[in-house]
Structure formats: structure tokens, C-alpha cells
Amino acid sequence: MNLRQRQHLEKQYHESDDKARDDNTLITRVYASGVFDEAENYHLEALGDIRGLHVLDYGCGGGWSTAKLKTRGARVTGFDISSTRLREAQAHLAKLDGSPVTLLECEAESLPFADATFDVIFGKQILHHLELEVAIAEIARVLRPGGKAVFLEPLIHNPLLEGYRRLTPHLRSPTEKALSMRQLAEIGAHFKQWSHREFCLFSILPILLKALILPKFEAEPLQAWLQKVDRQLVKAIPFLGRYYWETVIVLEK
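Here's a quick rundown of the structure. Worth saying up front: this structure is predicted, and the values here are computed from it rather than measured.

## Quick look at the packing of aromatic side chains
Line of reasoning, step 1. In this structure the tally under the stated criterion is six aromatic pairs.
Line of reasoning, step 2. With centroids separated by 4.9 Å and ring planes inclined at 80°, the aromatic side chains of Phe36 and Trp245 adopt a geometry described as edge-to-face. Of the two residues, Phe36 is situated in the loop between helix 3 (25-32) and helix 4 (37-45) and Trp245 in the loop between helix 11 (220-236) and strand 7 (246-252); the sequence distance between them amounts to 209 residues.
Line of reasoning, step 3. When the ring of Tyr58 is compared with that of Phe79, the centres are 5.0 Å apart and the planes differ by 85°; the resulting orientation is edge-to-face. One end of the pair, Tyr58, is in strand 1 (residues 54-58); the other, Phe79, is in strand 2 (residues 75-80), and 21 residues separate them in sequence. Grouping residues by exposure puts Tyr58 and Phe79 together as buried.
Line of reasoning, step 4. In this structure an aromatic cluster arises from ring pairing among Tyr58, Phe79 and Phe151.

## Overview of the environment of Leu155
Line of reasoning, step 1. Here Leu155 is to be found in the loop between strand 5 (143-154) and helix 8 (159-167).
Line of reasoning, step 2. Separated by 23 residues in sequence, Leu155 and Ala178 place their C-alpha atoms 5.1 Å apart.
Line of reasoning, step 3. Those residues in contact with Leu155 that lie beyond four places of it in its chain are Arg165, Ala178, Leu179, Met181, Leu184, Glu198, Gly241, Arg242, Tyr244, Trp245, Glu246 and Thr247.

## Remarks on the side chain of His54
Line of reasoning, step 1. Turning to its location among the elements, His54 is positioned in strand 1.
Line of reasoning, step 2. At 2.9 Å, the side chain of His54 and the side chain of Thr77 are in polar contact.
Line of reasoning, step 3. Not counting residues up to four positions away in its chain, the partners in contact with His54 are Arg75, Thr77, Thr117, Phe118, Asp119 and Val120.

Cut-off values and rules
- Residues numbered from 1 in each chain as written.
- Predicted model: local features only at pLDDT ≥ 70, side-chain atom pairs only at ≥ 80, totals over all residues.
- Heavy atoms only, no water.
- Phe/Tyr/Trp six-rings, centres within 6.5 Å; stacked < 30°, edge-to-face > 60°.
- Helix = DSSP H or I, 4+ residues; strand = E, 2+ residues; numbered from the N terminus.
- Buried < 20%, exposed > 50% of the residue type's maximum accessible area, 1.4 Å probe, protein only.
- Contact = heavy atoms within 4.5 Å.
- Polar contact = N/O pair within 3.5 Å; in protein donor to acceptor, adjacent residues only side chain to side chain.

As C-alpha cells, then:
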């Protein structure tokens, strides 16, 4: 499959079929549980102070991250491959006060921006949809020297997670694939400094137990305790991070 074919499939999916994921009961319950809040908070805080900086919301979707960036005082430009999602973003952002956000439709592998345009690039669940070698080169090109890029992405090494992904292909685009640790290193090689931190291993279990088997089970106390276990475990044995659900990648040019 060449790049153009891949982009066509991605656009086609995100213009229509990704609503199936939004409406899936299990996924909705998992995300509503707050089990990913720690990763998402770290993802946002890793940006640092972005007041007055030019930030690219990389694959902005419906504009929820764009709004967070704007409220933090950034000058925001967002792009997405889906015109449907961009219309949702425009409607969402129109309700907010302050300076307007620039939104445009384009592919991540061919960004219509000059070299060193952005101080910061922010992306969530997007790199694993892309032709990585091309997309990362573009990220490095449009990021200014001294700038930072921060991404939240899924990992591929946990066999249970991968088994579920393979059993539910209708909930994913036909070209997406979670990232490996080798790919993280390849991404990091394009930058002066880089780091990654993993989130969510055992803490997902009480949520699944409640959603699939015991609907009246009080999952929150056990979930909170297992999140502490997850933090300490990956700190003590970093190799186990590959089996966690998500990683936050911080890239500095």
C-alpha cells in the first residue's frame, strides 16, 4: 500500500466509520472511568508554559484538545484529515472566547507550513495512523529549534490488548497500528532529546471486570490502588513499560 492509498483509507474512515468507536459501550465505559486521566494530564503538563507560543494541534479531530491549548494562552493552529471532524471542531471552538483558532484540512505527511513555524506540536492518538518515517520528518521540519513536540500513543506489545484489537477491527481504521518500542526509538532519533513514560497496565482490570462481568462492582478504589502499583512497577522495572497501554513521548529539537 502506497502513501496515497493509505491517506485515502484514513480519510474515508474518519469521515464516517469512526463513529462506531465513539458509540461502542465497552470503550465508552473504559474512557469514562478516568483510567486514562493520569496519562492525559501528564501529556498536557509536559508542554510546560505555552502562553503566547504558536502551537500546532496535530490531528485536532473535534477540537477538544484545541480548546485546552487555547485556554492555556497559546496561539493555536489545528489540522485534520477529516472535513467532518474539522466542522465539529469549528462548532466547538466557536463557543469559546478569545482569539480565533486557525483550522485546516491536510495530511500529516505533507504539512503546508514553512520550516520552523511552530514552537510546540501537540498530538493525541495520531502517530500510529501515519506513515511514520515521512510524518516524523515533517514534524521535525516545521518545529523550530528548541521547540517541543508531545504525543500520547498506544503501545503494541501487550498480547491481551493486541488480541482485543484484532478481534475488533471495525473499531479501528484499516491502516492504524499501535507503536512498538523500536518505533519510539526511531522517532526519537530525529530529535536532540527525547523521553517517554508509560501508563495503564493493571489499573484497567477492575474497569473491565465491572463492564463485562459485575456491573454493580465498585471499581474505583481498586482502580486507584492499581494505578499506584502501575506507577511504581514501571519505575522499578522500566522494561515492563512496553506492556502498558499508552505512552507519552516528549521530543525536543
